[in-house]
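Structural features, examined
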Amino acid sequence: MPKSAKPPVASPPSSAAAAASRNTDSGPSTVAAADDLASARAQQTNDLAAARPYNPNKAGEHGFKNGVNPATGATAEPASRLPGASTLSEANGSAKTGSVAAEGVNAAIAPLDRVRVDSAGQVLTTNQGVPIADNQNSLKYGERGPVLLEDFILREKITHFDHERIPERIVHARGSGAHGFFECYEPLTDLTRAAPFQEAGKITPVFVRFSTVQGERGSKDTARDVRGFAVKFYTDEGNWDLVGNNMPVFFIQDAMKFPDLVHAVKPEPHHAMPQAASAHDTFWDFVSLMPESTHMLMWAMSDRGIPRSYATMQGFGVHPVRFVNAAGESVFVKFHWNPKAGTHSLVWDEAVKISGADPDYHRRDLWERIEAGAYPEYELGVQVFTEEQAEQFSFDILDATKIIPEELVPIRPIGRMVLNRNPDNFFAETEQVAFCTAHVVPGIDFSNDPLLAGRIHSYVDTQISRLGGPNFHELPINSPIAPVHNNQRDGMHRQAIHRGKVAYEPNSLAGGCPFQAGAAQGFVSVPARIEAKEAQGKVRVKPEKFADHYTQATLFFNSQTPVEQAHIAAAFRFELSKVTVPAIRERMVASLRNASEDLAAQVAAGLGIKELPEAMPRALAKPPKPEIATSPALSLLARPGDGSIQGRKVAILVADGIVGQSAADLHQALFAQGAVPRFVAPRIGPVSTADQVPINADASLENEPGFLFDALALPDGEEGVQMLAADGHTMEFIKDQHRHCKTILVMPASAALMLKAQIPATLPSGDPDPGMFMGAAPADFKAFIQGIARHRHPERETDPPLV
């Protein structure tokens, strides 16, 4: 027991008082002082309880004014730590129990160092710490006899193995995670009291999980799908989860329809196909009957549905939420994550091929970028607007199928996020991390978005089911860095061991602790709500502006470049061609006519629909006139990034007999710019170059196909070029790079490879190909690198492809 816990001697010891203080079921009418710990605890506990003869906060629990400004909880200071102890024996420490609980500390939320394990130099043990002498054989009765039931080592190992998996998420099952930090650019105290935004340069740890939506845990990364973009901020006032997607809108307006949407888009229940795909009857049947989905379909069918990587993908909070400052004043905000590397995507042919060669393409890319020090970085921006501004928009901000165009409310950059550490263990961190839209901190509050309301409930419920009970917040990856003190106890998988006997509030036996924080420190919901000034009854209905289902779909399509519009049309064509019911195809085309006659005509032609069906009747016959007709910011090509080639993978084809010096010089120039160049040969290993420059191929034409790379360089040296020309993989490699509009460098001798592959040096129009570079001089390498920074050269694209 600490010295501070030993009480002063007030009077001679009394054996009666000392004996009474040792009972747990009865006691005397008064507590006498005695020179022993039990008596001292009894006396101090009585004094602590007596210090609170009534609850002074009770009167402040009534009335609107008190409701928006709750008082701090009443407390009393104990004479020592004795009254708060669970047991007088807590000073008797051991290697297991340790010492007395640190005052005012919840050690269960310490940094993850407390649970990290490094087994270097250690012997194998059971889960009980018993060293295992033989991990090769089960215990048998004789060398050929039966395995014995008493083999507890075998049973523990097999039993744990049998239970290593937990139920996967209903949606977002396929995910990848990373640790990092958020850095605030400037104080936002005029807008919010949220902890991450209180001062310039403030650092907040984060954990981010990216994911697909439809597919199961073992599905492919490159499916056409929405991507989850969830960020857990470990703030000093608790955990805040900004749970969003890579698209700023959603398919539905009300959470009531979420189970229907997911049931429709998941594999069809009678045969469990298709996996991780929306190209099937039930999805298109559903959305063709839900015209509010049209805007989201434009986004999903655009190139945003197949991102190049998580590092080149935007993120959005989707719903409007409130920023609340210390004075209780609130404004609406929408969150935007913009990648420093720009927004880049795959083309469909490329995505299909990658899914077969490397279904872990995005997961691998994220891991390798962080391991290489090419840390993914995103800028966080907010659209800030008032309730009065919101009422003037032609659309309803509470409608999750609508965006607020940047032309109406510009995006204000407020900080940056850098992902700089990979998880130590995928299961313990990426798989067990639990996000929830209900996890907010003081300074962040909800809007009345009806889809958000359902998510607030659903996410908690899901985590309880997946992670075994209500204590999922105590798993190391989910525990906050802010102090955790409450009266929650017990439940499955409880980790914290609480000191003391009090688990309720208000109390006097623990001095009133833990006590409510009050308005000055605690979370207080904003009392104002949209149209709160109007008395309304409870009703199941949507606002009238929610009925405008097509205006923003038109805005999105008209804001795309011609290349991107062609990709949207091709995506609808492909997806709907997989539908087996013609009526569903025609219904979808009828809906698209309300968004774009040109798009509907292209899709109909691609599906063999000779005559366009009548346009689907609109839910809102006369929608409000939109503020703008186009928004260039909605185009992926409007966000090329910082111009760097960091993290880009570049294939340099090599073979025996090539000129080694030019290949080595190019490799060095690319690596100096942060790219990941790889020598790709017919086989891995040393390459005998014509000029004796040592080159070692770390990939082969077989194990790393061309569509896995962002750019291609073809070597010099006739003998080596002839060897490459004799390998059929080479032609496939070059054709895929050309078809996918990648940057290609052709050194002099490799002109023969281009000729054999029947790839022209010009565009179909006869103009020079901006993504094709010739030569082997340093200036040619520099131009090649500048071409890679564009990521793709869509001027080359044709539908169907000519090569």
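Residues numbered from 1 in each chain as written. Predicted model: local features only at pLDDT ≥ 70, side-chain atom pairs only at ≥ 80, totals over all residues. Heavy atoms only, no water.

Some points on the overall build of the chain
When you go through the chain residue by residue, the secondary structure sums to 21 helices and 18 strands. Taken over the C-alpha atoms alone, the chain extends approximately 105 × 80 × 55 Å along its principal axes. Partitioning the intrachain contacts of the chain with sequence separation of at least 6 by distance along the chain shows that 74% fall at a separation of at least 24. For the chain, the exposed surface amounts to about 37800 Å²; the carbon and sulfur share of it is 55%. Charged side chains in the chain number 75 positive and 93 negative. The centres of these two groups are separated by 4 Å. (Helix = DSSP H or I, 4+ residues; strand = E, 2+ residues; numbered from the N terminus. Contact = heavy atoms within 4.5 Å. Areas by Shrake-Rupley, 256 points an atom, 1.4 Å probe, with all protein chains shown as cover. Lys, Arg positive; Asp, Glu negative; His and termini not counted. Charge placed at Lys NZ, Arg CZ, Asp CG, Glu CD.)

Focus on helix 14 (residues 562-577)
For helix 14, which comprises 16 residues, the first-to-last C-alpha distance of 22 Å matches the rise-based estimate of 22 Å (1.5 Å per residue) to within 8%. Here helix 14 has its buried residues at Glu564, Gln565, His567, Ile568, Ala569, Ala571, Phe572, Glu575 and Leu576. Buried-residue contacts for helix 14 involve helix 6 (281-288), helix 7 (294-301), helix 13 (551-558), helix 15 (582-592) and helix 16 (597-606). (Expected span 1.5 Å × (residues − 1). Buried < 20%, exposed > 50% of the residue type's maximum accessible area, 1.4 Å probe, protein only.)

Focus on the pairing of strand 9 (residues 412-421)
Where strand 1 (residues 175-184) and strand 9 come together, 6 bridges link them in antiparallel fashion. When the bridges of strand 9 are listed, glutamate 183 appears paired with arginine 416. Inspection of the sheet shows strand 8 (residues 377-385) paired to strand 9 by 6 bridges, in the antiparallel sense. Across the sheet, residue valine 382 finds its bridge partner in strand 9, namely arginine 412. (Pairing = 2+ DSSP bridges.)

Observations concerning helix 16
Along helix 16, the positions that sit buried rather than exposed are Leu599, Ala600, Val603 and Ala604. Down the axis of helix 16, the smallest arc covering the buried residues is 130°, so these residues share one side. Packed against the buried residues of helix 16 are helix 7, helix 13, helix 14 and helix 15. Following helix 16 by one or two positions, glycine 608 has its phi on the positive side, about 75°. (Arc of directions from axis to C-beta.)

Section: the packing of helix 14 against helix 16
Close contact between helix 14 and helix 16 brings their axes to 9 Å; oriented N to C, the two are set at 40°. Judged on the interaxial angle alone, helix 16 and helix 14 are oblique. Where helix 14 crosses over helix 16, the handedness of that crossing is right-handed. Along the contact surface, helix 14 presents Ile568, Ala569, Phe572, Arg573 and Leu576, while helix 16 presents Leu599, Gln602, Val603 and Gly606. (Axes fitted to C-alpha atoms, helices over the stretch in contact; angles between N-to-C directions. Parallel < 35°, antiparallel > 145°, perpendicular 65-115°, else oblique. Left-handed = near helix turned anticlockwise from the far one by under 90°.)

A word on unusual backbone geometry
The step from glutamate 505 to proline 506 runs through a cis peptide bond, and the omega angle for that step is 5°. Relative to the assigned elements, proline 506 resides in the loop between helix 12 (450-467) and helix 13. A positive phi angle is found at valine 318, which is not glycine, with a value near 70°. For valine 318, the position within the fold is in the loop between strand 5 (315-316) and strand 6 (321-324).

A closer look at the packing of aromatic side chains
All told, the structure shown has 26 aromatic pairs when counted by the stated rule. With centroids separated by 4.9 Å and ring planes inclined at 55°, the aromatic side chains of tryptophan 348 and phenylalanine 574 adopt a geometry described as tilted. Placement of tryptophan 348 in helix 8 (residues 348-357) and of phenylalanine 574 in helix 14 is noted, with a sequence separation of 226 residues between them. Taking the relative accessible area as the measure of exposure, tryptophan 348 reaches 29% and is therefore partly exposed. According to the relative accessible area criterion, phenylalanine 574 is partly exposed, its value standing at 29%. An aromatic cluster of at least three residues, connected via ring pairs, comprises Phe182, Phe197, Phe210, Phe229, Phe233, Trp240, Tyr310, Phe323, Phe335, Trp337 and Tyr378. When the ring centre of phenylalanine 435 is taken as reference, the NZ or CZ atom of lysine 232 above it lies at 5.1 Å. (Phe/Tyr/Trp six-rings, centres within 6.5 Å; stacked < 30°, edge-to-face > 60°. Lys NZ or Arg CZ within 6 Å of the ring centre and 35° of its normal.)

Digging into the nonpolar core
Core analysis: the biggest nonpolar cluster contains 53 residues, and Phe251, Trp284, Met298, Phe572 and Leu599 have the highest contact counts within it. Listed by contribution, the elements that provide at least two residues to this core are helix 5 (258-265), helix 6, helix 7, helix 13, helix 14, helix 15 and helix 16. Tallying contributions element by element places helix 7 first for this core, with 6 residues. When near neighbours in sequence (up to four residues on either side) are disregarded, methionine 298 contacts Ala553, Phe556, Phe557, Ile568, Phe572, Leu592, Ala595 and Leu599. Of all hydrophobic cores here, the second largest spans 36 residues; its members include Cys184, Phe210, Val333 and Leu419. (Core = buried A, V, L, I, M, F, W, Y, C linked by side-chain atoms within 4.5 Å.)

Re the pattern of salt bridges
Think of it this way: side chains of opposite charge can pair up when their charged atoms draw near. The final tally for this structure, using the stated rule, is 41 salt bridges. The closest approach of N and O atoms between glutamate 387 and arginine 322, which form a salt bridge, is 3.6 Å. Of the two residues, glutamate 387 sits in helix 10 (residues 387-392) while arginine 322 sits in strand 6, which places them 65 residues apart along the sequence. For glutamate 387, a relative accessible area of 17% gives the class buried. Where glutamate 406 meets arginine 639, a salt bridge forms, and the shortest distance between an N and an O atom there is 2.7 Å. (Salt bridge = Lys/Arg side-chain N within 4 Å of Asp/Glu carboxyl O.)

These figures capture arrangement, not role.
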